[in-house]
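Coordinate inspection notes
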Amino acid sequence: MSTGASNPEYVNARVRSRRAAMLSDEDYRKLIRMGPSEIARFMEETEYEREINALGTRFSGVDLIEYALNRNLAKHFDDLLEWSEGQLYDRIVRYLRKFDVWNLKTIVRGIYTDSDPEEISTDLIRAGELDDGTIDRLVEVDSIEDVIEILEGTIFAEQLEDAYEEFEESGALVPLENALDRAFYENLLEDLGRPREGPEAKYVEFLEAEIDFLNARNALRLARSGADLDPAAYYIDGGVLFDESDLNRLVGDYDALVDHIADNKRYGDRLSGALDRLRDADSLIQFEHALDAALLEYADTLSSVYPTSISPVLSFILAKEREVENIRAIARGREVGLDENEIEEELVIL
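What counts and how
Residues numbered from 1 in each chain as written. Predicted model: local features only at pLDDT ≥ 70, side-chain atom pairs only at ≥ 80, totals over all residues. Heavy atoms only, no water. Helix = DSSP H or I, 4+ residues; strand = E, 2+ residues; numbered from the N terminus. Rg over C-alpha atoms; globule rule 2.2 N^0.38 Å. Buried < 20%, exposed > 50% of the residue type's maximum accessible area, 1.4 Å probe, protein only. Areas by Shrake-Rupley, 256 points an atom, 1.4 Å probe, with all protein chains shown as cover. Lys, Arg positive; Asp, Glu negative; His and termini not counted. Charge placed at Lys NZ, Arg CZ, Asp CG, Glu CD. Contact = heavy atoms within 4.5 Å. Phe/Tyr/Trp six-rings, centres within 6.5 Å; stacked < 30°, edge-to-face > 60°. Salt bridge = Lys/Arg side-chain N within 4 Å of Asp/Glu carboxyl O. Axes fitted to C-alpha atoms, helices over the stretch in contact; angles between N-to-C directions. Parallel < 35°, antiparallel > 145°, perpendicular 65-115°, else oblique. Left-handed = near helix turned anticlockwise from the far one by under 90°. Nonpolar A, V, L, I, M, F, W, Y, C, P; charged D, E, K, R; others polar. Core = buried A, V, L, I, M, F, W, Y, C linked by side-chain atoms within 4.5 Å. Expected span 1.5 Å × (residues − 1).

1. Focus on the overall build of the protein
Summing up its helical and strand segments, the protein has 20 helices and 0 strands in all. Radius of gyration (C-alpha) of the protein: 20 Å, near the 20 Å computed for a compact globule of 350 residues. The 350 residues of the protein split such that 54% are buried. Accessible area of the protein: about 15800 Å², with a carbon and sulfur share of 43%. One way to put it: in the protein the 38 positive side-chain charges average out to a point 7 Å from where the 79 negative ones average out.

Okay, structure coming up:
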């Protein structure tokens, strides 16, 4: 653990400046009308200029855009760590392990679908705790058992081992993906307790919201998957919105699931617009995007109410992820010939 005082005021001032340079929803609507090479040129006029120029001699089209996005994301998060001190640094380091989860899910899905290692690498975001050497080894293996072996000694190995048998029985990736999420959040919360006031309480409140929305997403995914899986087995402990019996009850009832979120005082009062989007969603992808938008809205609310806590940093991390995912979705959509409406459905726009 780092020693010394935290410096949230300084870090949050830097974060506000970075947030101001991010793309707007109007920018996304412009990008939807462009081809990949035009998108790359547009990015060259934004804060992605350095990455586009550095990678432009080796890559082009969608590959250039994706590598530039991932490099830029990692740079921003490296900067966060460089600016931060004391407990704030420790909290950010632990939270950025979510990109280890992202990378491990990407690698496991790639093995499952027999994807080319280079194709898997394109989607990786090297901003977590796993070093490049470990990630490079993971990308090259042929089996999920090999992945678990390489991860021996990390926070993920035990949960993955426990989930592997169920993966073999069901043939579904849900047990493995859920094991990664569970390892991440359990490790993140284990030393925090449940403080009721102060900056630490806002950090916990944000993490509880992420867990709540992840449980909601899992409930709907399980309902739509048709796989014979027990919802309670995929419950992630630590939130305030569900217990295991709630998930069993709500997994097959979409409207009741949204009502359950709306009836919760913490979310219902703050997320009326987001909840309207949840009610209007008519597909799983729309529901997931509405959940992402709701979490962003919630994080922004926390960061405006508690500007000297870690909340603005976490809000920035979510917003930056959203920006990268939106640009990636637009570039890929244009590459495969989706029309503008189809691409817009793939975006998280507030």
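Additional details are given in the paragraphs that follow.
2. Re the environment of Phe-206
Along the polypeptide, Phe-206 turns up in helix α13 (residues 199-225). The exposure class of Phe-206 is buried, given its relative accessible area of 1%. In this structure, the C-alpha to C-alpha distance between Phe-206 and Leu-295, residues 89 residues apart in sequence, is 8.8 Å. Here Phe-206 is in contact with Tyr-95, Ala-299, Leu-302, Leu-314 and Leu-318, once residues within four sequence places are set aside.

3. Things to note about the packing of aromatic side chains
Using the criterion set out here, one finds 9 aromatic pairs in the structure. The interplanar angle of 25° and the centroid separation of 4.3 Å between the aromatic rings of Phe-59 and Tyr-67 together place this pair among those described as stacked. When sorted by exposure, Phe-59 lands in the same class as Tyr-67, which is buried. Each ring, one from Phe-184 and one from Tyr-185, has its centre 4.7 Å from the other, and the planes form 70°; the classification is edge-to-face. Comparing Phe-184 with Tyr-185, the two get one shared label, buried. In textbook terms, an aromatic cluster arises when at least three aromatic residues are bridged by ring pairs, as seen for Tyr-95, Phe-184, Tyr-185 and Phe-206.

4. Structural notes on the pattern of salt bridges
Inspection of every chain in the model, using the stated rule, returns 25 salt bridges. The closest approach of N and O atoms between Glu-66 and Arg-332, which form a salt bridge, is 2.4 Å. Pair noted here: Glu-66 is in helix α5 (residues 61-83) and Arg-332 is in helix α19 (residues 311-335), with a separation of 266 residues, a long-range link. A relative accessible area of 3% means that Glu-66 is categorised as buried. Between Glu-210 and Lys-98 there is a salt bridge whose closest N-O contact spans 3.3 Å. Residue Glu-210 is located in helix α13, and its partner Lys-98 is located in helix α7 (residues 98-112); the two are separated by 112 residues in the primary sequence. Accessibility expressed as a relative area gives 4% for Glu-210, which makes it buried. Put simply, Glu-66, Asp-123, Glu-325, Arg-328 and Arg-332 are held in one network by salt bridges that share partners.

5. Comments concerning the environment of Leu-220
Mapped onto the elements, Leu-220 comes out in helix α13. Judged by its relative accessible area of 3%, Leu-220 falls in the buried class. Between the alpha carbons of Leu-220 and Leu-278 there is a distance of 12 Å; along the sequence they are 58 residues apart. Filtering out sequence-adjacent residues up to four positions away, Leu-220 remains in contact with Tyr-254, Leu-257, Leu-284 and Phe-287.

6. Quick word on the packing of α7 against helix α12 (residues 174-189)
The contact between α7 and α12 brings their axes to 10 Å, and the two run at 165°. Between α7 and α12, the angle is such that the two are roughly antiparallel. Judged by the twist between their axes, the crossing of α7 over α12 is right-handed. Two secondary-structure elements touch here, α7 through Lys-98, Val-101, Leu-104, Lys-105, Val-108 and Arg-109 and α12 through Leu-176, Glu-177, Leu-180, Asp-181 and Phe-184. When grouped by side-chain class, the residues that make up the contact of α7 with α12 number 6 nonpolar, no polar and 5 charged.

7. Re helix α6 (residues 86-95)
Burial analysis of α6 places 7 of its 10 residues in the buried class, the great majority of the element. Among the residues of α6, Gly-86, Leu-88, Asp-90, Arg-91, Ile-92, Arg-94 and Tyr-95 are the ones counted as buried.

8. As for the nonpolar core
Core analysis: the largest hydrophobic core is formed by 122 residues, its most contacted members being Leu-80, Tyr-95 and Ile-327. With 12 residues, the single largest contributor to this core is α13. Those residues in contact with Tyr-95 that lie beyond four places of it in its chain are Phe-184, Leu-188, Tyr-203, Phe-206, Leu-207, Glu-210, Leu-314, Ile-317 and Leu-318.

9. A closer look at the side chain of Asn-264
Looking at the secondary structure, you find Asn-264 in the loop between α15 (254-263) and α16 (265-268). Overall, Asn-264 belongs to the buried group, its relative accessible area being 17%.

10. What to know about the packing of α7 against α19
Interhelical geometry of α7 versus α19 gives an angle of 30° and a closest axis separation of 13 Å. Taken together, the axis directions place α7 and α19 in an arrangement best described as roughly parallel. Contact residues: α7 offers Lys-98, Phe-99 and Trp-102, while α19 offers Ile-317, Leu-318, Glu-321, Glu-325 and Arg-328.

11. A short note on α12
Taking 1.5 Å per residue as the helical rise, α12 with its 16 residues ought to reach 22 Å, and the 22 Å between its terminal C-alpha atoms agrees with that figure. The element α12 is largely enclosed, with a buried count of 14 among its 16 residues.

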